[in-house]
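# Per-entry structural report
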Amino acid sequence: MKEKKENAQKGNAVKVNDAVTAFRLINPAKLTKMETAERFAVILATRQLKKVATDFDELVKDVQEKLKPEGFDKIVEKVQGKKELTAQEQEALNKYNKDVTDCVQTELDKEVKLDFTSMTGEAMERFIDSNDFTVSDVMLIMDVLGNE
């Protein structure tokens, strides 16, 4: 057991995009087949991922609000009501969406340093066995929580 702890790394640099996605996968995940210490490690890692995800979600809200062009609420009403937009309204909507995406993408590409002990291979196996993840989900979780 002591050897496993020595092999685990502390401190991972990940992109904000990966941290946010990992949080959304890991937070509702089950820990039923994991040992108690492994559960604690996942919970502690999840708390750090949550901070990144919360900060990102707040940024998206701010960007969406501050980049709204004049009359945007009327455009949104039309879209929600499935009414046809004029060419000018469609252009405004497209520009808004592009501006929001461009601004948010900059943040998603940034790297953040997280300070938690990486999961061992055995712990990762038990975590995956406790849940029904897709292959791409497992790969992302391993990249964020694993030590490889």
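All figures in this text were calculated on a predicted structure; none of them were measured in a lab.

This paragraph deals with the packing of aromatic side chains. For any pair of aromatic rings, the description consists of the separation of the ring centres together with the inter-plane angle of the planes. In this structure the tally under the stated criterion is 2 aromatic pairs. When the ring of Phe-127 is compared with that of Phe-133, the centres are 5.6 Å apart and the planes differ by 40°; the resulting orientation is tilted.

Turning our attention to the side chain of Thr-120. Position of Thr-120 relative to the elements: it lies in the loop between β2 (111-117) and α6 (121-129). Judged by its relative accessible area of 17%, Thr-120 is buried. Engagement of the side chain of Thr-120 in a polar contact is seen with the backbone nitrogen of Ala-123, the distance being 3.2 Å.

Each packed pair of helices is defined by two parameters, the angle between the axes and the distance between the axes. One can describe the packing of helix α2 (residues 16-26) onto helix α7 (residues 135-145) by two numbers: an axis separation of 10 Å at closest approach and a directional angle of 115°. By the angle class used here, α2 and α7 are roughly perpendicular. Here the hand of the crossing between α2 and α7 comes out left-handed. From α2, Asp-18, Thr-21, Ala-22, Leu-25 and Ile-26 reach across to α7, where they touch Asp-137, Leu-140, Ile-141, Val-144 and Leu-145. Class assignment for the residues of the contact of α2 with α7 results in 7 nonpolar, 1 polar and 2 charged.

The periodicity of an α-helix, 3.6 residues per turn, causes residues three or four positions apart to be oriented the same way. Here helix α3 (residues 36-66) spans 45 Å end to end across 31 residues, near enough to the 45 Å set by a 1.5 Å rise per residue. What α3 keeps buried is the set Glu-38, Val-42, Ala-45, Thr-46, Leu-49, Val-52, Ala-53, Phe-56, Val-60 and Val-63.

Now for the packing of α6 against α7. At a closest axis distance of 12 Å, the pairing of α6 and α7 adopts a crossing angle of 145°. Read as a crossing pair, α6 and α7 show a hand that is right-handed. Contact with α6, carried on its side by Met-124, Phe-127 and Ile-128, involves Val-138, Ile-141, Met-142 and Leu-145 of α7 and no other residues of that element.

Our next topic: the nonpolar core. Of all hydrophobic cores here, the largest spans 39 residues; its most connected members are Ile-26, Leu-49, Met-119, Phe-127, Ile-141 and Leu-145. Contributions of two or more residues to this core are made by α2, α3, α4 (72-80), α5 (87-109), β2, α6 and α7. The element best represented in this core is α3, accounting for 8 residues. If sequence neighbours within four positions are ignored, Phe-127 has contacts with Ile-26, Ala-29, Lys-30, Leu-31, Met-34, Val-42, Met-119, Phe-133 and Ile-141.

The subject of this paragraph is the confidence of the model for the protein. Residues with a pLDDT of 70 or more make up 91% of the protein, whose mean pLDDT is 90. By mean pLDDT, helix α1 (residues 2-7) is the weakest element of the protein at 40, and α2 is the strongest at 97. Note that pLDDT drops below 50 for residues 1-9; the model gives that stretch 11 contacts with residues more than four away or on any other chain.

About the thresholds
Residues numbered from 1 in each chain as written. Predicted model: local features only at pLDDT ≥ 70, side-chain atom pairs only at ≥ 80, totals over all residues. Heavy atoms only, no water. Phe/Tyr/Trp six-rings, centres within 6.5 Å; stacked < 30°, edge-to-face > 60°. Helix = DSSP H or I, 4+ residues; strand = E, 2+ residues; numbered from the N terminus. Buried < 20%, exposed > 50% of the residue type's maximum accessible area, 1.4 Å probe, protein only. Polar contact = N/O pair within 3.5 Å; in protein donor to acceptor, adjacent residues only side chain to side chain. Axes fitted to C-alpha atoms, helices over the stretch in contact; angles between N-to-C directions. Parallel < 35°, antiparallel > 145°, perpendicular 65-115°, else oblique. Left-handed = near helix turned anticlockwise from the far one by under 90°. Contact = heavy atoms within 4.5 Å. Nonpolar A, V, L, I, M, F, W, Y, C, P; charged D, E, K, R; others polar. Expected span 1.5 Å × (residues − 1). Core = buried A, V, L, I, M, F, W, Y, C linked by side-chain atoms within 4.5 Å. pLDDT = per-residue confidence, 0-100.

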